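So the chains spell out like this:
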Amino acid sequence: MILQMGRFDSGGNLIIESSDQFPDSHPQAEIDALVAEKIGDDPNGWAHSYLVDSHSRAVNEAYQEVVRDVDDENSTVIDNVWGVLVDD
């Protein structure tokens, strides 16, 4: 499982700021605590876990589920973990 966290900027872009790999059986309470610590009450904060085996696959899932399906052709995923822009 890959847990990604980040924020949406004012232009609707998803900026991924961290990506951590955990075993699928990792305790949910520990994951929730990590999300609370990094995202807190930020209204633009974002966190999601993906059942994939690599960071790049999780970024692609985030793009497909969060950005591409929003129907905003100007939005993209900015991966600050690996320094990649995903918009297509």
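Heads up: the structure comes first, above all this text.
Here is a short report on the structure shown in this document. (Residues numbered from 1 in each chain as written. Predicted model: local features only at pLDDT ≥ 70, side-chain atom pairs only at ≥ 80, totals over all residues. Heavy atoms only, no water.)

1. Let's talk about the overall build of the chain
As a reminder, the rule being used: Under the DSSP-based scheme used, a helix requires at least four consecutive residues in state H or I and a strand at least two consecutive residues in state E, with every element numbered from the N terminus. In this description the radius of gyration comes from C-alpha coordinates, and the expected globular size is given by 2.2 Å times residues to the power 0.38. Only protein chains enter the accessibility calculation, which uses a 1.4 Å probe; a residue whose area is less than 20% of its type maximum is buried, one above 50% is exposed, and one in between is partly exposed. Between two residues, a contact is recorded if the distance between any of their heavy atoms is within 4.5 Å. Here the positive residues are Lys and Arg and the negative ones are Asp and Glu; neither His nor the chain ends is included. Here the site of a charge means atom NZ of a Lys, CZ of an Arg, CG of an Asp or CD of a Glu.
Counting its regular elements, the chain contains two helices and five strands. In summary, the chain has a C-alpha radius of gyration of 13 Å against a globular reference of 12 Å for 88 residues, a match within 12%. Dimensions of the chain along its principal axes, counting C-alpha atoms only, are 35 × 30 × 20 Å. Within the chain, buried positions represent 34% of all 88 residues. Partitioning the intrachain contacts of the chain with sequence separation of at least 6 by distance along the chain shows that 57% fall at a separation of at least 24. Treating the 4 positive side-chain charges of the chain as one cloud and the 19 negative ones as another, the clouds have centres 3 Å apart.

2. Quick look at a nonpolar patch on the surface
How we decide: Here a patch means residues that are over 30% exposed by relative accessible area and free of salt bridges, tied together within 9 Å if like-charged and within 5 Å if nonpolar (Val, Leu, Ile, Met, Phe, Trp, Tyr). Computed by Shrake-Rupley with a 1.4 Å probe, the accessible areas treat only the displayed protein chains as cover when residues are assessed. By salt bridge we mean one thing: a side-chain nitrogen of Lys or Arg within 4 Å of a carboxyl oxygen of Asp or Glu.
Taken together, the side chains of Val81, Trp82 and Val84 define a hydrophobic patch exposed on the protein surface, amounting to about 280 Å² of accessible area. Considering the arrangement of structural elements, one finds Val84 in strand β5 (residues 84-86). Residue Val84 is classed as partly exposed on the basis of its relative accessible area of 36%.

3. Side note on the pattern of salt bridges
Tallied over the full model, the rule gives three salt bridges. With a closest N to O distance of 2.6 Å, Arg7 and Asp42 form a salt bridge. In this pair, Arg7 is assigned in strand β1 (residues 2-8) and Asp42 in the loop between α1 (28-39) and β3 (45-50), connecting sequence segments 35 residues apart. Note on Arg7: relative accessible area 23%, which makes it partly exposed. We classify Asp42 as partly exposed; its relative accessible area is 23%. Measuring nitrogen to oxygen at the nearest pair gives 3.4 Å for the salt bridge that ties Arg57 to Asp53. A relative accessible area of 54% means that Asp53 is categorised as exposed. Through salt bridges with shared partners, a single ionic network connects Arg7, Glu17 and Asp42.

4. Regarding the side chain of Ser75
For clarity, the threshold we go by: Counted as a polar contact is a pair of N or O atoms within 3.5 Å, where, for protein atoms, one must be capable of donating a hydrogen and the other of accepting one, and residues adjacent in sequence contribute only when both atoms are in side chains.
One can find Ser75 in the loop between α2 (55-67) and β4 (77-79). At a separation of 3.3 Å, a polar atom in the side chain of Ser75 contacts the main-chain carbonyl oxygen of Gly12. Ignoring anything within four residues of it in the chain, the contact list for Ser75 reads Gly11, Gly12, Asn13 and Val67.

Geometry only, nothing functional implied.
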